[in-house]
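# A look at the structure
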Amino acid sequence: IPWVCTLFSLLMPLGLGRRKKAPPLVENEEAEPGRGGLGVGEPGPLGVGGAGGPQMGLPPPPPALRPRLVFHTQLAHGSPTGRIEGFTNVKELYSKIAEAFRLPAAEVMFCTLNTHKVDMDKLLGGQIGLEDFIFAHVKGQRKEVEVFKSEEALGLTITDNGAGYAFIKRIKEGSVIDHIQLINVGDMIEAINGQSLLGCRHYEVARLLKELPRGRTFTLKLTEPRKAFDMISMRSGGGRPGSGPQLGTGRGTLRLRSRGPATVEDLPSAFEEKAIEKVDDLLESYMGIRDTELAATMVELGKDKRNPDELAEALDERLGDFAFPDEFVFDVWGAIGDAKVGRY
């Protein structure tokens, strides 16, 4: 399916010194899919990373390097409490949850922290507070919806779970999608016009939706998270990002990394929190996605750079897969600079 996960270059490179982009960074990848039982079900036709073939990455770290932290978890629609430990990335986390509740790992769609509701402000990203309670949302009803694209913008913001599933994080009020009651925040986008999107990243799915021709009807195949009784018929457009409580309890967080072992770190500084929020807003504005872990990586890459060209070079080296446009890089540089000097 050559068109499904094709990446597009948006603008000419920024500066003469900008290097050719490095091999793509695929979050939560493993060198050998399925090694040690860490895979998330069977990959879709394009592979879990969306690149259509084996992914280059590091093998799982040895058990001695994994933080021995125990987290409590429940299924969001209701279950006994389980205990999980010994994971170092999102795919391993989902596998541990599936093992605890005797589910296929592919059934786990995403997790929220400290609430069983489909609350996108509480979505688990790359950090877990050391006392956070994890609620796992599993696959529920599947549905197929026809959508007439009457406007260029559909009003969707897309995110993904870091393990091959892209889903709806936000629906803009008054938008094309907002008028279709069958489509809800939390729905996994399984296919567009019959073409599977399993294994695609959020930015790829957002691009495909944007490229659909205006004035035409297209078909979305969706899977919604299984709902508890008190959640049935509840629809949410998603709150403002960053409006919910901050993760963690003052004792630090577990940082899940795509390469290397997870680490226990202090909570982000005020500068980092504000910079991450501003960069995440820019991701939504330019690319139609939200991804706090991606935003945190960009802030980490940019906070010590001396100019936008150095930032662009670092982004190409670590995140070249995203093909960020020049004006986006300039705005990210400005957002990090504003946060540094307290211009919030």
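The sections below set out a description of the structure shown in this document. (Residues numbered from 1 in each chain as written. Predicted model: local features only at pLDDT ≥ 70, side-chain atom pairs only at ≥ 80, totals over all residues. Heavy atoms only, no water.)

### Points about the layout of surface pockets
A volume near 650 Å³ is recorded for the second largest pocket. Around the second largest pocket sit 24 residues that line it, and Ala-153, Leu-156, Glu-284, Met-287 and Gly-288 are the ones nearest its centre. Listed by contribution, the elements that provide at least two residues to the lining of the second largest pocket are β6 (156-160), α2 (202-211) and α3 (270-287). Ranked by the residues each element gives to the lining of the second largest pocket, the list is headed by α2, at five residues. The residue inventory of the lining of the second largest pocket, partitioned by class, reads 11 nonpolar, five polar and eight charged. (1 Å grid on protein atoms, 1.4 Å probe; cavity = no way out; pocket = protein on both sides within 12 Å on 5 of 7 lines; lining within 4 Å. Points joined across faces, edges and corners; volume = space filled by probe spheres on them. Helix = DSSP H or I, 4+ residues; strand = E, 2+ residues; numbered from the N terminus. Nonpolar A, V, L, I, M, F, W, Y, C, P; charged D, E, K, R; others polar.)

### Side note on the pattern of salt bridges
Enumeration according to the criterion identifies 14 salt bridges in this entry. A salt bridge links Arg-214 to Glu-151; the nearest nitrogen and oxygen atoms lie 3.5 Å apart. With a gap of 63 residues between them, Arg-214 in the loop between α2 and β10 (217-225) and Glu-151 in the loop between β5 (134-148) and β6 connect regions that are remote in the sequence. For Glu-151, a relative accessible area of 41% corresponds to the partly exposed category. In this structure, the salt-bridge partner of Arg-201 is Asp-160, at a minimum N-O distance of 2.6 Å. Of the two residues, Arg-201 sits in the loop between β9 (195-196) and α2 while Asp-160 sits in strand β6, which places them 41 residues apart along the sequence. Among the residues examined, Asp-160 registers a relative accessible area of 10% and is labelled buried. When salt bridges that share partners are traced, they join Arg-170, Asp-280, Asp-281, Glu-284 and Arg-290 into one network. (Salt bridge = Lys/Arg side-chain N within 4 Å of Asp/Glu carboxyl O. Buried < 20%, exposed > 50% of the residue type's maximum accessible area, 1.4 Å probe, protein only.)

### Points about helix α5 (residues 308-319)
Residues spaced three or four apart along an α-helix face the same direction, because each turn holds 3.6 residues. A rise of 1.5 Å per residue sets the reference length of α5, with its 12 residues, at 16 Å; its end C-alpha atoms lie 15 Å apart and thus fit the reference within 8%. Of the positions making up α5, those classed as buried are Pro-308, Leu-311, Ala-312, Ala-314, Leu-315, Asp-316 and Leu-319. In this structure, the buried side of α5 is in contact with α4 (292-302) and α6 (326-340). Two or three places before Asp-309, at the start of α5, stands the capping residue Asn-307, its side-chain oxygen 3.1 Å from that residue's backbone nitrogen. (Expected span 1.5 Å × (residues − 1). Contact = heavy atoms within 4.5 Å. Polar contact = N/O pair within 3.5 Å; in protein donor to acceptor, adjacent residues only side chain to side chain.)

### Things to note about the environment of Glu-272
Turning to its location among the elements, Glu-272 is positioned in helix α3. A relative accessible area of 23% places Glu-272 in the partly exposed class. Spatially, the C-alpha atoms of Glu-272 and Lys-340 are 8.4 Å apart, while their sequence positions differ by 68 residues. A polar contact is formed between the side chain of Glu-272 and the backbone nitrogen of Ser-269, at a distance of 2.9 Å.

### Notes on unusual backbone geometry
For Asn-193, which is not glycine, the phi dihedral falls at a positive 50°. You can see Asn-193 is positioned in the loop between β8 (188-192) and β9. For Asn-193, a relative accessible area of 41% corresponds to the partly exposed category. Positive phi values are uncommon outside glycine, yet Ala-323 reaches one of about 50°. Structurally, Ala-323 is set in the loop between α5 and α6. Note on Ala-323: relative accessible area 19%, which makes it buried.

### Quick look at the side chain of Glu-224
Its location among the elements puts Glu-224 in strand β10. What makes Glu-224 buried here is its relative accessible area of 14%. Within the structure, Glu-224 has its side chain in polar contact with the side chain of Lys-143 (distance 2.9 Å). Among all residues touching Glu-224, those that are not within four sequence positions of it are Met-109, Val-138, Lys-139, Gly-140, Gln-141, Lys-143 and Asp-187.

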